[in-house]
Amino acid sequence: MKTLGILLSTAGLAGVGVLAVAAAPAQAAEAATCSGARSIASAPMLRDHKPPSWGTVRLVRDSCSQYWAEITMASPVVANAKANAFLVQYGGGNNGRVLSCDSSGGNGSVIQGQRTCRTPKVKGSSGITFAAIGREYHNYGGGYEEISENATKRTR
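Residues numbered from 1 in each chain as written. Predicted model: local features only at pLDDT ≥ 70, side-chain atom pairs only at ≥ 80, totals over all residues. Heavy atoms only, no water.

Q: So what exactly am I meant to see when it comes to the overall build of the protein here?
A: When you go through the protein residue by residue, the secondary structure sums to one helix and nine strands. Ordered by position in the sequence, the α and β elements of the protein form the string α-β-β-β-β-β-β-β-β-β. Excluding contacts between residues fewer than 6 apart, the proportion of contacts in the protein whose partners are at least 24 apart in sequence is 55%. Working note: accessible area of the protein is about 9,000 Å², and carbon and sulfur atoms make up 56% of it. (Helix = DSSP H or I, 4+ residues; strand = E, 2+ residues; numbered from the N terminus. Contact = heavy atoms within 4.5 Å. Areas by Shrake-Rupley, 256 points an atom, 1.4 Å probe, with all protein chains shown as cover.)

What follows is the structure in structure tokens.
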């Protein structure tokens, strides 16, 4: 009887593994159908609001109405500098929510040697708008200080 119990519990765990494996392709298929990512708003990254542009912050949407923010710097970030993008949601149950590249699902701030990052994707629905904010920071020895910021217009 003890052997039968072990056998059945092992079979049950194997079944859970099959379910997990079966769920992964379904999620991958959904992600594959959410194509057509396009920039719907952008703004240059300017220091002191003056040219030249040091990069671009963009609000991006795909065919599944998922939104995210991306920042792309003109050249790789140097030591003691970093950049981050922020996605701001207006409306809905998460009104005022701000997600950054460092939020779960994002790919982390732009650090030395890198040029770009993106926030997690957020599903948009009727009545919700979004804006993207880009910020660049430098550490002059006393911690990171913001040296530039710009935002896209609010849009859907």
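Q: Sorry, what's going on with the packing of aromatic side chains here?
A: Each aromatic ring pair is characterised by the separation of its centres together with the angle its planes make. Across all of its chains, the model carries one aromatic pair by this definition. Ring geometry for Tyr-67 and Phe-130: centres 4.5 Å apart, planes at 25 degrees, overall stacked. One end of the pair, Tyr-67, is in strand 3 (residues 66-73); the other, Phe-130, is in strand 8 (residues 129-139), and 63 residues separate them in sequence. When its relative accessible area of 1% is taken as the criterion, Tyr-67 is described as buried. Exposure remark for Phe-130: the relative accessible area of 0% places this residue in the buried category. (Phe/Tyr/Trp six-rings, centres within 6.5 Å; stacked < 30°, edge-to-face > 60°. Buried < 20%, exposed > 50% of the residue type's maximum accessible area, 1.4 Å probe, protein only.)

Just distances and angles here, no functional claims.
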